[in-house]
Amino acid sequence: MEQLIAIIEKGQPFFNAIARNKYLKAIRDGFISVIPIIIFSSIFCLVASVPNIWGFYWPDDINNALWKCYNYSMGILAIACAATTAKHFADAQNRDLPKNNQINFISCMCAAIIGFLLLSSDTIATDAASGFNTTYLGSKGLLTAFIAAFVTGIIYKFFIKRNITVKMPEQVPPNISQTFKDIIPFSVCITVFWVFDIVFRAAFGFCFAQGVIQVFQPLFTAADGYIGLAVIYGAMSLFWFVGVHGPSIVEPAIAAALVANMTDNLAAFQAGQHASAVLTQGAQYFVVCMGGTGATLVLVFMFCFLAKSQEMRAVGKAAIVPVCFAVNEPLLFAAPIVLNPVFFVPFVFAPIANIWILKIFIDFLGMNGFMYTLPWTVPGPIGTIMGLGFQPLAFVMLALILVVDFVLYYPFFRAYDAQKCAEEAEISQEELAAKNAEKAAKLNDAFQGKADAKSVAAGAAAEAVKVDSPAASAAPAAEATTASDLNGKRVLVLCQGGGTSGLLANALAKAAKERGINLETAAEAYGNHVDMLPDFDLVVLAPQAASYLADLQKDCERVGNKCVACRGKQYIELSQNGDKSLAFVSEQLSK
């Protein structure tokens, strides 16, 4: 097993390179930016549809009002995604351009929206009114939205990089000059999309968006099969196991299918048909990742209540709350699970078993697939029941999944528990109890935004952490941290989804407040950080986002601030200890 893990680990640089690919990152970040639309619209969908299960139907005027809000948000999802993807792709392109010659991302967003509309919508004109055909403006148009965004960004970079723009005299204000600078790339973009649309429709008789769906439909169908589901979610867990954020690699390839399949399921359900799609966003959030990647919900309860090892029990008690809300990095790095050969098999195969169980219930028992979207931080069991519309079979399936996950994890949990007990037997009980009590207290404090009471300002000898490219490593601090080093400073912590970053941001904020230090902290998802950078002095990357350090350094160089990346155990340690986290920030700022 260790040899297998070593082989997989050798591929980590390649996996990191894939995760940093600017096209995949733009898709991921652009899609994340429109998730509020998906979640917001699903609220109205839930209110309109769920009461029907118990035989209650809203009056027509209320029902139409509820569905109007859904259709006017979810129905234009692809338009919004074309804009957000173009924005993030422009940010990536700007890293390769001089500071004084950047792509105007707002102009790029506008061009992408117009280009997408040309490629995906037909004009509807009657004697009474005229408008757009909305068939491909929602989830069905996501792939076309990505293409429109990329073509727009490439054209803009070509012209901006070569200064093929309308140049104005120096006396013209910068905002007016920027408008004329955008005219040529904007015009070329729209012309390219317009000509391509005319040629494509003349050749095939339908819009480009419809053609894209027809080309990719066989792939979507294959991905929804047993083998396709196993490859997708097995790969996601495998990447995470070796320390690379799996969703960053896998999700961009299936993002369009996740949302489109859920929309198709809802449409089928409303038409009285079977909602048969398995590969949906709800399935990924609440079935595959029940308790986070690796389906670790049952595992954290084992750590908390079944472990004989005091260390494992301490980790379980501290991690149980965040894991219940799908933030399982505290368990992954504190146990640890990542790169731990004992947990390789269940960590990779439990998510596969979960999605297969869901597919069996849909294919053979007639249960409808996920139709409603909820925030990914909703506890897995609750998200499963609500996302499946409170179907009776959903309760049965949930119980079966929990049992199967328990069976898969238990033998490996018991083996690791025995291993840790043997290690603990070699030290005195008093020392062990004190060590584990301290560890549990620090973890709890970190997850609640608290820290211990040692005074940094008084010159406590804290440990700082030095940068060890590409990530930072712990080392003794040369000097005690003082309040004056941190007063008025601002720190931004980034992770993949904005959950794990809150651990360190909260710990820093609480520790600073206890010591009377005026330190401002914030937590955000990587990809949403570009416009925030000028407001912060230091940016810290959480472990799952550490592969983006090279790109982040380019972003920070443009605004003159500093950045650093953390390793897994180091990040947990900093989140546990207020002195160390403040000393860490102080040292990074002093470099």
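Residues numbered from 1 in each chain as written. Predicted model: local features only at pLDDT ≥ 70, side-chain atom pairs only at ≥ 80, totals over all residues. Heavy atoms only, no water.

1. Side note on the sheet that holds strand S7 (residues 538-541)
Taken together, four strands build an open sheet; the order of strands is S6-S5-S7-S8 and the sheet is parallel. This sheet does not close on itself; its edge strands, each paired only once, are strand S6 (519-525) and strand S8 (562-565). The mean angle between the axes of side-by-side strands here comes to 20 degrees, regardless of whether they run parallel or antiparallel. Direction of pairing for S7 relative to S8: parallel, over a ladder of four bridges. Among the inter-strand pairings, Leu538 is bridged to a residue of S8, identified as Lys562. (Pairing = 2+ DSSP bridges. Helix = DSSP H or I, 4+ residues; strand = E, 2+ residues; numbered from the N terminus. Axes fitted to C-alpha atoms, helices over the stretch in contact; angles between N-to-C directions.)

2. Quick look at the side chain of Gln281
Here Gln281 is to be found in helix H14 (residues 281-288). By relative accessible area, which is 3% here, Gln281 ends up buried. Setting aside its immediate chain neighbours within four residues, Gln281 contacts Phe31, Ile35, Ile38, Leu258, Val259, Met262 and Thr373. (Buried < 20%, exposed > 50% of the residue type's maximum accessible area, 1.4 Å probe, protein only. Contact = heavy atoms within 4.5 Å.)

3. Notes on the packing of helix H6 (residues 77-94) against helix H8 (residues 142-161)
With their axes 8 Å apart at the nearest point, H6 and H8 run at an angle of 35 degrees to one another. Taken as a pair, H6 and H8 cross one another with a handedness that is right-handed. Every residue of H8 that contacts H6 at Leu77, Ala78, Cys81, Ala82, Thr85, Ala86, Phe89 and Gln93 is listed here: Leu142, Ala145, Phe146, Ala149, Phe150, Gly153, Ile154 and Lys157. Of the residues belonging to the contact of H6 with H8, the class tally is 12 nonpolar, three polar and one charged. (Left-handed = near helix turned anticlockwise from the far one by under 90°. Nonpolar A, V, L, I, M, F, W, Y, C, P; charged D, E, K, R; others polar.)

4. Side note on helix H12 (residues 226-241)
Between its first and last C-alpha, H12 extends 22 Å over 16 residues, near the 22 Å set by a 1.5 Å rise per residue. For H12, the complete set of buried residues consists of Gly228, Leu229, Ala230, Ile232, Tyr233, Gly234, Met236, Ser237, Phe239, Trp240 and Phe241. Just downstream of H12, Gly243 is the residue with a positive phi angle, here 95 degrees. (Expected span 1.5 Å × (residues − 1).)

5. Comments concerning the nonpolar core
Inside soluble globular proteins, nonpolar side chains tend to come together where they are buried. Ranked by size, the top nonpolar core spans 145 residues in total, and within it Tyr233, Phe303, Leu331 and Leu358 carry the most contacts. Here the element with the most residues in this core is H8; it accounts for 11 residues. Not counting residues up to four positions away in its chain, the partners in contact with Leu358 are Val278, Ala283, Val287, Met367, Phe370 and Met397. Of all hydrophobic cores here, the second largest spans 23 residues; its members include Leu486, Val540, Ala542 and Phe584. (Core = buried A, V, L, I, M, F, W, Y, C linked by side-chain atoms within 4.5 Å.)

6. Let's talk about the environment of Gln544
Structurally, the position occupied by Gln544 is in the loop between S7 and helix H24 (549-559). The class for Gln544 is buried, based on a relative accessible area of 3%. Residues Gln544 and Ala565 lie 21 residues apart in sequence; the distance between their C-alpha atoms is 9.6 Å. Here Gln544 is in contact with Trp240, His245, Glu329, Cys495, Gln496 and Thr500, once residues within four sequence places are set aside.

7. Observations concerning the environment of Tyr233
In this fold, Tyr233 is placed in helix H12. On the basis of relative accessible area, Tyr233 is assigned to the buried category, the value being 0%. In this view, Tyr233 contacts Ile254, Leu258, Leu279, Thr280, Gln284, Val288 and Ile355; residues no more than four positions away in its chain are not counted. Of the polar contacts made by the side chain of Tyr233, one reaches the side chain of Gln284; its length is 3.2 Å. (Polar contact = N/O pair within 3.5 Å; in protein donor to acceptor, adjacent residues only side chain to side chain.)

8. Structural notes on helix H19 (residues 380-387)
Along H19, the residues classified as buried are Gly380, Gly383, Thr384, Ile385 and Gly387. Buried residues along H19 sit against H14, helix H16 (310-324) and helix H20 (392-424).

9. Things to note about the packing of aromatic side chains
Where two aromatic rings form a pair, the distance of their centres and the angle of their planes describe that pair. Following the criterion strictly, the structure yields 26 aromatic pairs and no others. Arranged with centres 6.1 Å apart and planes meeting at 35 degrees, the rings of Phe204 and Phe206 form a pair that is tilted. Note on Phe204: relative accessible area 51%, which makes it exposed. With 6.5 Å between their ring centres and 35 degrees between their planes, Phe216 and Phe220 make a pair best called tilted. Highlighted residues: Phe216 and Phe220, both in helix H11 (residues 208-223), separated by four residues, approximately one helical turn. Judged by its relative accessible area of 31%, Phe216 is partly exposed. Joined through ring pairs, the aromatic side chains of Phe303, Phe343, Phe406, Tyr410, Phe413 and Tyr416 make up one cluster. (Phe/Tyr/Trp six-rings, centres within 6.5 Å; stacked < 30°, edge-to-face > 60°.)

10. Things to note about the side chain of Arg515
Structurally, the position occupied by Arg515 is in the loop between helix H23 (501-514) and S6. At 3.0 Å, the side chain of Arg515 forms a polar contact with the side chain of Asp579.

11. A closer look at the pattern of salt bridges
Applying the stated criterion to the full structure yields 16 salt bridges. Measuring nitrogen to oxygen at the nearest pair gives 2.9 Å for the salt bridge that ties Lys25 to Asp551. Linking Lys25 in helix H3 (residues 22-33) with Asp551 in helix H24, this pair joins segments that are 526 residues apart in sequence. A relative accessible area of 13% places Asp551 in the buried class. For Glu423, the salt bridge is made with Lys420, and the minimal N-O distance between the two is 3.1 Å. Of this pair, Glu423 and Lys420 both sit in helix H20, three residues apart, roughly one helical turn. A relative accessible area of 39% means that Glu423 is categorised as partly exposed. Residue class for Lys420 comes out buried when judged on its relative accessible area of 10%. Residues participating in the shared-partner salt-bridge network are Lys87, Asp91 and Asp531. (Salt bridge = Lys/Arg side-chain N within 4 Å of Asp/Glu carboxyl O.)

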